[in-house]
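Take a look at the letters that make up each chain.
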Amino acid sequence: MSSAATAVRRPVRVKLPIFEALTIVGLVGIAWIHLLDLGSKIDETPYLAVAYAGLIAGCAAAGGLLARRDRRGFILAGALAGATFIGYCLSRTTGLPAATDDIGNWTETLGLWSLIAEGAVVALSAAALSRRPDAGAEKA
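Residues numbered from 1 in each chain as written. Predicted model: local features only at pLDDT ≥ 70, side-chain atom pairs only at ≥ 80, totals over all residues. Heavy atoms only, no water.

All right, on to the side chain of D70 then. Residue placement: D70 occurs in the loop between α3 (46–67) and α4 (72–93). At 2.6 Å, the side chain of D70 forms a polar contact with the side chain of R72. (Helix = DSSP H or I, 4+ residues; strand = E, 2+ residues; numbered from the N terminus. Polar contact = N/O pair within 3.5 Å; in protein donor to acceptor, adjacent residues only side chain to side chain.)

What follows is the structure in structure tokens.
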């Protein structure tokens with residue numbers, strides 16, 4: 001037998017980009033929730049409508065980076081989700097300029113879903129960025 005025939009075959013590892021996929025799902029959720037609320041913000045507080053549009057575009061950009069397995073997508077996704085989470089908390093505590101109607105309104109359904117998606121994206125981004133870039137790569 002040749003040495004190649006006696007070599008032990010190891011199973012091929014499937015590279016499943018789980019962090020990227022789950023983060024993209026979270027980004028889609030954040031973008032969708034803010035798209036649903038965008039119409040009311042245009043009339044109520046136009047500067048928040050512009051911020052929502054920027055958030056939606058940022059989610060698309062981060063998703064595009066993640067789809068190409070670019071780690072910078074996690075930085076952008078985590079920053080967007082974290083900033084949005086903080087904005088929600090501010091809008092419910094101190095209020096935002098020209099937007100004080102939601103102070104104390106912690107149980108709004110879209111807002112709660114948004115917090116869940118944002119928290120998940122922050123957690124996934126932090127977990128992914130804490131791993132070595134070559135973690136899980138097969139050694140030759």
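We are not done yet, so read on.
As a further point, take the packing of α3 against α4. At a closest axis distance of 8 Å, the pairing of α3 and α4 adopts a crossing angle of 155°. In terms of orientation, α3 lies roughly antiparallel with respect to α4. At the point where α3 passes α4, the crossing takes the left-handed sense. Listed contacts from α4 to L55, G58, C59, A61, A62, L65 and L66 of α3 are R72, G73, F74, L76, A77, L80 and T84. Tallied by class, residues from the contact of α3 with α4 come to 10 nonpolar, 3 polar and 1 charged. (Axes fitted to C-alpha atoms, helices over the stretch in contact; angles between N-to-C directions. Parallel < 35°, antiparallel > 145°, perpendicular 65-115°, else oblique. Left-handed = near helix turned anticlockwise from the far one by under 90°. Contact = heavy atoms within 4.5 Å. Nonpolar A, V, L, I, M, F, W, Y, C, P; charged D, E, K, R; others polar.)

Here the focus is the environment of I103. Its place among the elements puts I103 in the loop between α4 and α5 (109–130). Note on I103: relative accessible area 41%, which makes it partly exposed. On a C-alpha basis, the gap between I103 and T93 in space is 5.4 Å, while along the polypeptide they are 10 residues apart. If we skip the residues at most four places from it in the chain, I103 touches S91, R92, T93, T94 and G95. (Buried < 20%, exposed > 50% of the residue type's maximum accessible area, 1.4 Å probe, protein only.)

Together, W32, L35 and L36 make up an exposed nonpolar region whose accessible area comes to about 330 Å². In this structure, L35 sits in helix α2 (residues 18–44). (Patch = residues over 30% accessible without salt bridge, like charges linked within 9 Å, V, L, I, M, F, W, Y side chains within 5 Å. Areas by Shrake-Rupley, 256 points an atom, 1.4 Å probe, with all protein chains shown as cover. Salt bridge = Lys/Arg side-chain N within 4 Å of Asp/Glu carboxyl O.)

Time to look at the layout of surface pockets. Sizing a probe to match a water molecule and rolling it over the atoms shows the empty space that remains. Here the largest pocket defines a volume of roughly 540 Å³. The wall of the largest pocket is formed by 27 residues, among which K41, L48, Y52, S91 and R92 lie closest to the centre. The set of elements that each furnish at least two residues to the lining of the largest pocket consists of α2, α3, α4 and α5. For the lining of the largest pocket, the leading source of residues is α4, giving 6 residues. Across the lining of the largest pocket, the residue classes tally to 11 nonpolar, 8 polar and 8 charged. (1 Å grid on protein atoms, 1.4 Å probe; cavity = no way out; pocket = protein on both sides within 12 Å on 5 of 7 lines; lining within 4 Å. Points joined across faces, edges and corners; volume = space filled by probe spheres on them.)

If you check the backbone angles, R69 has positive phi at about 60° while not being a glycine. Structurally, the position occupied by R69 is in the loop between α3 and α4. On the accessibility criterion, R69 (46% relative accessible area) is partly exposed. Despite not being glycine, A98 shows a phi value in the positive range, around 60°. Examined against the element boundaries, A98 turns out to sit in the loop between α4 and α5.

On to the nonpolar core, then. Counting residues in hydrophobic clusters, the biggest one holds 14 residues, and the most contacted among them are L27, I30, L55, C59, A77 and V121. Contributions of two or more residues to this core are made by α2, α3, α4 and α5. Every residue in contact with V121, bar those within four places of it in the chain, is listed here: T23, G26, L27, I30, A77, G78 and A81. (Core = buried A, V, L, I, M, F, W, Y, C linked by side-chain atoms within 4.5 Å.)

Taking 1.5 Å of rise per residue, the 27 residues of α2 would be expected to cover 39 Å, and the 39 Å separating its terminal C-alpha atoms lies within 8% of that figure. The largest bend along α2 reaches roughly 45° and is located at L38. Buried within α2 are the following residues: E20, T23, G26, L27, I30, A31, I33, H34, D37, L38 and K41. Where the residues of α2 are buried, they touch α3, α4 and α5. (Expected span 1.5 Å × (residues − 1). Bend = angle between axes of the 7 residues up to and from the residue.)

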